[in-house]
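Working through the structure, step by step
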Amino acid sequence: MRKILSFTIAAICTFLNVIAEQIPLPEHPRPDFERTEWINLNGTWNFTFNQQLGTNAIQQNNTDGFDLKIQVPFGWGSKLSGVENKGDQGWYARSITVPKSWEGKRIYLVVGASEWNTQAWLNGQLLGRHQGGYTPFEFELTKHITFGQPQNLVINAEDPPIDRLAGKQGYGDVRGIWQTVYLEARGNNFVDYVHFYPDIDRSVVKVEVALNQLPDAKTQLKLNFKNGEQADFIYTPGNKDRKSLVHTFEVKLANQHLWSLDDPYLYEMVVSLLDDKKTVDQVSTYFGQRKISVVPLSGTAYPYIALNNVPVYLQMCLDQSYHPDGFYTFPSDQFMREEIMLSKRLGLNGNRIHIKAEIPRKLYWADKLGLLIMADVPNWWGEPNDVNQKDWEYCMRSQVKRDFNHPAIFSWVNFNEKWGLFNKVYGKNIYKPEIQEWVRKMYLETKKLDPTRLVEDNSPCNLDHVQTDINSWHYYAPGYEWENLLDNFTKNTYAGSTWNFINGNKQGNEPLLNSECGNVWGYEGSTGDVDITWDYHKMINAFRAHPQCAGWLYTEHHDVINEWNGYVRYDRTPKEFGLDAFVPDMSMADLHSAFYVVPRCELIQEVKAGSSLEIPLFASFMTGKDPGALHLETNLIGWDVLGHETDRMPMGTYQIGFKPFMNEKIQSAKVTLPYQNGLYVLQLEIKNLAGQVLGRNFTLFLVKDGGQPVAEKIMKLVTFAPESFTAAKWTLKQWDVFGGKKVNGAGDGYFEYTIAWPENCALNNLEMVTLSLEASAKELFGKDAKGMEIDNTDLAFMRGKGTHDPCANANSYAQTDQKVNPSMLAVSVNGINVENAYLPDDPADHRGVLSWYAQPRNKKLDEAGSYGYLVEVNIPKSVLVEGKPIKIRLSVPDGVKGGLAIYGKDFGRYPMDPTLVFINK
């Protein structure tokens, strides 16, 4: 019997697992508020845009007549839904069966989120209506159900083109149901919500539980700590308490275990509602015992946001939280986990979820893995009015109620850049005083609803706070502007200052925090797809040298359809940044290290060969954890005028005395540059006693006025500029960059150069002749074919309009990633083919340092960050005629179409012009 029973249980489990695999997002959508008895309704539903078919289904109680199938919970119009966007309202239908074992309980249909007006019917009976697009709602089914029998469920979602809380839906129009739909069994009286208020200073947690009905003398609430941290706690409402639906009590925590970024411990809890000691309702939930506050940075008066009374230097990103195939909805729980892990791997400690009420399971992964979250309330786009303000307030209240127990959330952001708060007056956007006061009221109301977190009235780009807990600001600028910007911003930050506030409102002791930054909007007409690392590196150096600013928030986590400045692509495939070319194993995470040394100089500077310099250094150690004895190891490497890497040259080792949250100048690094021309990098590595690298950085030097590379045999170098070709022919286009620092040919074709035979060079005395050059493929971007297409940076563009071509913008040059544009270089000398070289791509990233250095500081870019590959070709002496000109043709063979770019000494990666090298015997 036992074997048969075991087999049966195993078979049932296998069957349930198969079912779970067949539906999208099978997990319970809210680990923070989960009942045991629930049924996931995700998967294939009947669907139609035809109102008559929807009406017939209700009137005839038949859900089989619809003409389409849709995958719930993906909004129609998204690829994952399987339904094109062909209407403003959709009708969903399916059969449901409520188990007989649920008899005697109250049954609810719960919808995680649906745009915008939603109604539901069971067996033709209206269950209810809901208006809103971001937060959960529910309809009771109990009185309409025949338990154990199939029932017909119809849901109508109407998403009219009206002004409402739209957020950034221009990236993909989110329509209809977009979060998990499920059935749930509850007791006659049940738990409406459970909120935990951690108090780490007293080692207690205040618990607030709301019930659906007033308790009686036999009602109790039982808290079971699932991990056994302490004994069960039972609360019995007293006589006065039984007159309220909301009950609060405190639980003393023995040996409290704090939630932190390094140790995101969750107290997992089962909250049971008891009637005469019998469980009538039960919810699994959790909380993190943590505190959000403001404290001074150690050793300073600078206010910082603190976690558990310890200041946190915030290094965050703007998370648009969009998916190319699911829009607001992600394809799997694992995908949501990876969204959080991406930020963690980058060394970031927080995301700002931008104008979207985030999916609870993604917030769960932030809780579970330890990543801070700034949570925005969605905005509307029209002028403020009673309807929009009412919709916003409903969403804010619902969002706070739903997400209260997520320890990862440390702040609420009520509005963004005043979107939806402007009135048009004589054609201008005006932020009226009465709207400012409503914003203040909503700030205070949010604080009242949730005193455990910080609240921003508005995340501003126009210096217009009213009342806020965080003195936040947005700015987009090229890397070279950040030093002066931060000098000015920090100079104007002090209690009583009106900087960054509007209408006479003043700063208090709020932390100064950048809440959007980057370069995407820092150039004329934005940037399109461009290497993010150069300006990013300069920007981070500036931020780390200004500890008055308590952190920064980069735009953005991933690309979207018309912004390409993410750490990863829209489909989350990785980009290449090339930092490890300068310091071994360096990655973007090193720019976010707690242990950071800033070279207080330009990222690249031109110096004379043989120069000795002292590089001022600033240590930014944003941690209180003592790593033991530290030292800074400095080494010099470089690339000579033939593109060859030089030997590593030790420059010095400096001891660094650690202090908690140390931000101060340290001993300057001494460097002596070689006498040979080239591009050199001073590597800066912070190491502990065990030799572990805790932080990496570097600065660059372009050495000129020196000699050629040292060689064992006599060499004669004959260089020729890329633009000095004597003939060229290309099937698509040929053009020069900055007067010929780089030349481009798109499609198939060639550049031909005629080089005079060098004086005093006897062919018989030569051991070998080589050609060295830097070359890449050349893709014909939209900007090259059509010119600049973006001429607006208004809100319509922010809503996903404007160009969707990553390289239509005049400033763009595609960041290196997994999508490559290869080509083939055929080299012929005096009409004879001597070698073919494969060119893997047309890349642009931090390795294109000379392309960045060549850019004028005029808010425009021209092929910034682009670079090529070192190509070295042996030229047989048999094809050369002493004393005669050497004709070199660099071509892309017919049919290859990959194009060709030739780089000179002032553009690309290597400090070299194309060079013929004559080596004597």
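Residues numbered from 1 in each chain as written. Predicted model: local features only at pLDDT ≥ 70, side-chain atom pairs only at ≥ 80, totals over all residues. Heavy atoms only, no water.

The next thing to look at is the overall build of the protein. Scanning the protein from terminus to terminus reveals 11 helices and 52 strands. In terms of overall dimensions, the protein is globule-like: its C-alpha atoms have a radius of gyration of 32 Å, near the 29 Å expected for 921 residues. When the backbone C-alpha atoms are referred to their principal axes, the protein occupies close to 110 × 80 × 65 Å. By residue count, 61% of the 921 residues in the protein fall in the buried class. Intrachain contacts of the protein at a sequence separation of at least 6 include 73% that bridge at least 24 residues. For the protein, the accessible area works out to roughly 35,400 Å², and carbon and sulfur atoms hold 50% of it. Positive and negative charge centroids in the protein, built from 92 and 109 side chains respectively, lie 4 Å apart. (Helix = DSSP H or I, 4+ residues; strand = E, 2+ residues; numbered from the N terminus. Rg over C-alpha atoms; globule rule 2.2 N^0.38 Å. Buried < 20%, exposed > 50% of the residue type's maximum accessible area, 1.4 Å probe, protein only. Contact = heavy atoms within 4.5 Å. Areas by Shrake-Rupley, 256 points an atom, 1.4 Å probe, with all protein chains shown as cover. Lys, Arg positive; Asp, Glu negative; His and termini not counted. Charge placed at Lys NZ, Arg CZ, Asp CG, Glu CD.)

On the basis of which strands lie adjacent, the open sheet formed by 6 strands has the order β3-β2-β4-β10-β7-β8 and antiparallel pairing. Single-partner strands in this sheet number two, and they are β3 (68–72) and β8 (125–131). Between one strand and the next, the sheet's axes are offset by a mean angle of 30 degrees, whatever the strand orientation. Examined bridge by bridge, strand β7 (residues 117–122) and β8 share 6 bridges and lie antiparallel to one another. Bridge pairing in β8 places Gln119 opposite Arg129. Helix α2 (residues 51–60) contacts β2 (43–48), β4 (89–97), β7 and β10 (150–158) of the sheet and is inclined by roughly 30 degrees relative to β4. (Pairing = 2+ DSSP bridges. Axes fitted to C-alpha atoms, helices over the stretch in contact; angles between N-to-C directions.)

Our next topic: the side chain of Asn562. Mapped onto the secondary structure, Asn562 falls in the loop between β32 (551–554) and β33 (595–599). Here Asn562 is in contact with Tyr171, Phe797, Gly800, Lys801, Thr803 and His804, once residues within four sequence places are set aside.

The biggest cluster of nonpolar side chains holds 70 residues, and the ones touching the most others in it are Ile373, Trp392 and Phe410. Counting residues in each nonpolar core, the second largest holds 61 residues, with Val568, Leu579, Met622 and Val681 among its members. (Core = buried A, V, L, I, M, F, W, Y, C linked by side-chain atoms within 4.5 Å.)

On to the sheet that holds strand β9 (residues 137–140). Pairing between the strands of a sheet comes from backbone hydrogen bonds, and it takes one of two forms, parallel or antiparallel. Taken in spatial order, the 4 strands make up an open sheet running β1-β12-β5-β9, and their pairing is antiparallel. Where the open sheet ends on each side, the last strands, each with one partner, are β1 (38–40) and β9. Across the sheet, the axes of successive neighbouring strands diverge by a mean angle of 20 degrees, strand direction being ignored. Examined bridge by bridge, strand β5 (residues 106–111) and strand β12 (residues 181–186) share 6 bridges and lie antiparallel to one another.

The next point concerns the environment of Ile902. Here Ile902 shows up in strand β51 (residues 900–903). Spatially, the C-alpha atoms of Ile902 and Glu774 are 6.2 Å apart, while their sequence positions differ by 128 residues. Filtering out sequence-adjacent residues up to four positions away, Ile902 remains in contact with Pro722, Lys741, Lys742, Val743, Phe751, Tyr753, Leu773, Glu774, Ala775, Leu890 and Pro914.

Glancing now at the pattern of salt bridges. Under the defined criterion, the tally for this structure stands at 60 salt bridges. Of the charged contacts, one joins Glu37 and Lys105 as a salt bridge, the two residues approaching to 2.3 Å between their closest N and O atoms. In this pair, Glu37 is assigned in the loop between α1 (2–22) and β1 and Lys105 in the loop between β4 and β5, connecting sequence segments 68 residues apart. What emerges from the salt-bridge pattern is a single network uniting Asp88, Glu115, Asp159, Arg164, Asp173 and Arg175. (Salt bridge = Lys/Arg side-chain N within 4 Å of Asp/Glu carboxyl O.)

It is at 11 Å that the axes of helix α5 (residues 386–403) and helix α6 (residues 433–449) come closest, and there the two elements cross at 20 degrees. Classified by the interaxial angle, the pair formed by α5 and α6 is roughly parallel. Crossing of α5 over α6 shows right-handed handedness. Across the interface between the two elements, Gln389, Trp392, Glu393, Met396, Arg397 and Val400 from α5 touch Ile435, Trp438, Met442, Glu445, Thr446 and Leu449 from α6. (Parallel < 35°, antiparallel > 145°, perpendicular 65-115°, else oblique. Left-handed = near helix turned anticlockwise from the far one by under 90°.)

Now for the packing of aromatic side chains. The relative placement of two aromatic rings is captured by the distance of their centres and the angle of their planes. Under the definition given, this model contains 55 aromatic pairs. Here the aromatic rings of Phe233 and Phe249 are separated by 5.6 Å at their centres, their planes lie at 10 degrees, and the arrangement is stacked. Taken together, the positions of Phe233 in strand β16 (residues 233–235) and Phe249 in strand β17 (residues 246–252) put the pair 16 residues apart, joining distant regions of the chain. Relative accessible area serves as the criterion here: at 25%, Phe233 is assigned to the partly exposed category. Through pairs of rings, three or more aromatic residues link up here, namely Trp473, Tyr475, Trp482, Phe489, Trp499 and Phe543. One cation-aromatic arrangement involves Arg186 over Phe190; the distance from NZ or CZ to the ring centre is 4.8 Å. Arg453 extends its terminal NZ or CZ atom over the ring of Phe404, reaching a point 5.7 Å from the ring centre. (Phe/Tyr/Trp six-rings, centres within 6.5 Å; stacked < 30°, edge-to-face > 60°. Lys NZ or Arg CZ within 6 Å of the ring centre and 35° of its normal.)

To continue, consider a nonpolar patch on the surface. Taken together, the side chains of Leu214, Leu245 and Val246 present a nonpolar region at the surface, about 230 Å² in accessible area. By the secondary structure assignment, Val246 is in strand β17. Owing to a relative accessible area of 36%, Val246 belongs among the partly exposed residues under this scheme. (Patch = residues over 30% accessible without salt bridge, like charges linked within 9 Å, V, L, I, M, F, W, Y side chains within 5 Å.)

Its 17 residues place the ends of α6 24 Å apart at the C-alpha level, agreeing with the 24 Å of an ideal helix rising 1.5 Å per residue. Among the structural elements, α5, β26 (409–413), β27 (423–425) and β29 (454–456) are those in contact with the buried residues of α6. (Expected span 1.5 Å × (residues − 1).)

With that out of the way, let us pick up helix α4 (residues 360–369). The buried fraction of α4 is high, at 9 of 10 residues. Where α4 ends, the next residue or the one after it, Gly370, has phi of about 85 degrees, a positive value.

Another aspect to go through is unusual backbone geometry. Omega for the peptide link from Val72 to Pro73 comes to 20 degrees, which places this bond in the cis form. Even without being glycine, Leu463 reaches a positive phi, approximately 55 degrees. Secondary-structure assignment places Leu463 in the loop between β29 and β30 (471–476). Look at Leu463 and you get partly exposed, because its relative accessible area is 39%. With a phi angle near 55 degrees, Asn760 is a residue other than glycine that sits in the positive phi range. On the secondary structure map, Asn760 appears in the loop between β45 (749–755) and β46 (766–776).

With that settled, consider the pairing of strand β35 (residues 612–621). Bridge count between β33 and β35: 5 bridges; the pairing is antiparallel. Counted as the bridge partner of Pro599 is Leu617 from β35. Where β35 lies against strand β38 (residues 663–672), 8 bridges are found, and the strand directions are antiparallel. Bridge pairing in β38 links Phe618 to Lys665.

Axis separation between helix α3 (residues 333–345) and α4 bottoms out at 9 Å; the angle between their running directions is 45 degrees. Judged by the angle between their axes, α3 and α4 are oblique. By crossing handedness, the relation of α3 to α4 is classed as right-handed. Across the interface between the two elements, Asp333, Met336, Arg337, Glu339, Ile340, Met341 and Lys344 of α3 pack against Arg361, Lys362, Trp365, Ala366 and Leu369 of α4. Its residues placed into classes, the contact of α3 with α4 shows 6 nonpolar, no polar and 6 charged. (Nonpolar A, V, L, I, M, F, W, Y, C, P; charged D, E, K, R; others polar.)

Along the chain, Asn42 turns up in the loop between β1 and β2. For Asn42, the side chain forms a polar contact with the main-chain oxygen of Pro24, separated by 3.1 Å. Among residues more than four places away in sequence, those in contact with Asn42 are Ile23, Pro24, Leu25, Val72, Pro73, Arg94, Thr180 and Val181. (Polar contact = N/O pair within 3.5 Å; in protein donor to acceptor, adjacent residues only side chain to side chain.)

For the rest of this paragraph, the subject is the pairing of strand β20 (residues 292–296). Side chains on a regular strand alternate between the two faces of the sheet. Relative to strand β21 (residues 303–307), β20 runs antiparallel, the two being bridged by 5 bridges. Along β21, the bridge assignment pairs Val294 with Ile305. Counted along the chain from β20 to the antiparallel partner β21, the turn is 6 residues long, and its residue Gly299 has a positive phi close to 80 degrees.

Within the secondary structure, Leu348 sits in the loop between α3 and β24 (350–353). Through-space distance from the C-alpha of Leu348 to that of Met588 is 9.8 Å; in sequence the pair is 240 residues apart. Not counting residues up to four positions away in its chain, the partners in contact with Leu348 are Gln315, Met316, Cys317, Ser343, Leu371, Trp552, Tyr567 and His592.

A separate point is the environment of Leu591. With respect to the element layout, Leu591 can be found in the loop between β32 and β33. We classify Leu591 as buried; its relative accessible area is 0%. For the pair formed by Leu591 and Gly695, sequence separation is 104 residues and the distance between their alpha carbons is 8.0 Å. Residues in contact with Leu591, not counting those within four places in the same chain, are Gln315, Tyr536, His537, Ile540, Arg544, Leu579, Met586 and Tyr596.

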